[in-house]
Amino acid sequence: MSAPSVLIAGCGDIGGRLASQLVAEHWRVHGLRRTVSNLPAGVVGVAGDLFSEQCPADWPTGPLDYVVYSAAATDHDEAGYRTAYVEGLRHVLGWLEQHGQRPRRLLFVSSSSVYGQQKGEWVDESSSTEAGGYSGQVMLEAEQLALDSGIPASRVRLTGIYGPGREWLLSQVRQGYRVVIDPPLYANRIHADDAAGLLAYLLKADHQGRTLEDCYIGVDDAPAPLAEVVGWLRDYMGVTEWAEDASVRRAGSKRCSNARAKALGWVPRYPSFREGYAAILEGRC
């Protein structure tokens, strides 16, 4: 079996981690981003702007087995989200058509913001998507574009990504961050390495001829109340002073399930926030 080829459109943090994992397994990896000098070793750079209609000059001309769309919004408003996730995906689909390329599968990296549940419910891929904010609504629009592309597509709805370089919560806890206990605000999280690992697992499963579903949730095994996460981090880091008043006052949240991904055989390296944050604080990831 020849080495499969993949284009990662939006090869930033998660895309770069995915690229490194696939290069290590001898995949032919093309990474599309504005500055290709930052791509991991072994990745073929495709210098381009997903937000522009102009096809990158060095777009790969040979067959592409897979495309992973992993963009990030530059502007965090509705227009910025639409530019990044809807228009950017539309550009990539157009460039594929322009070059006569029809990948075996498209992975669209989405978000759990498509779910509007706020009463502590367990949420899976079959749960209703009634996003209350523009971010989730735009993501649903982009997901539909992927599904209607004519290319077999799977949406991968990632939850709160954390990892090296994504340490806002650690910083807040060091500064005395305190959150309400009741009602619990559940923290659905996935370590950046596991987010990339799930994408890699799905690509490899498809290449092996296994049947993929059209949607997967990317989350660890143990959604936990944010107060529990903060309390554990406080103890782990030896923080002894914190704010008198709670900083987060929200009505509730949801708990996301990774049962479908695990049924396919995926196993997160960091099954809960404890393993993941310990690895970050000890410099092991």
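So, here's what we can say about the structure. Model, not experiment: these values are computed from the prediction. (Residues numbered from 1 in each chain as written. Predicted model: local features only at pLDDT ≥ 70, side-chain atom pairs only at ≥ 80, totals over all residues. Heavy atoms only, no water.)

**Some details on helix α6 (residues 226–237)**
- With twelve residues, α6 extends 16 Å between its outermost C-alpha atoms, agreeing within 8% with the 16 Å of an ideal straight helix rising 1.5 Å per residue.
- Those residues of α6 lying buried are L226, A227, V229, V230, L233 and R234. An end-on view of α6 places all buried positions within 160 degrees of arc, on one side of the element.
- Elements in contact with the buried residues of α6: α4 (168–174), β9 (186–187), β10 (189–191), β12 (224–225) and α8 (273–281).
- Directly after α6, the chain includes G238, whose backbone phi takes a positive value near 75 degrees. (Helix = DSSP H or I, 4+ residues; strand = E, 2+ residues; numbered from the N terminus. Expected span 1.5 Å × (residues − 1). Buried < 20%, exposed > 50% of the residue type's maximum accessible area, 1.4 Å probe, protein only. Arc of directions from axis to C-beta. Contact = heavy atoms within 4.5 Å.)

**Section: the pattern of salt bridges**
- Considering all chains together, one arrives at 17 salt bridges under this definition.
- The closest approach of N and O atoms between R105 and D206, which form a salt bridge, is 2.9 Å. In this pair, R105 is assigned in strand β5 (residues 105–111) and D206 in helix α5 (residues 192–207), connecting sequence segments 101 residues apart.
- Judged by its relative accessible area of 12%, R105 falls in the buried class.
- Judged by relative accessible area, D206 falls into the buried class, the value being 8%. (Salt bridge = Lys/Arg side-chain N within 4 Å of Asp/Glu carboxyl O.)

**With respect to the packing of α6 against α8**
- One can describe the packing of α6 onto α8 by two numbers: an axis separation of 11 Å at closest approach and a directional angle of 35 degrees. The two elements α6 and α8 cross, and the hand of that crossing is right-handed. In contact with E228, V229, W232, L233, Y236 and M237 of α6, α8 contributes F273, R274, Y277, A278 and L281. (Axes fitted to C-alpha atoms, helices over the stretch in contact; angles between N-to-C directions. Left-handed = near helix turned anticlockwise from the far one by under 90°.)

Interpretation note: all reported values are geometric properties and have no functional meaning in isolation.
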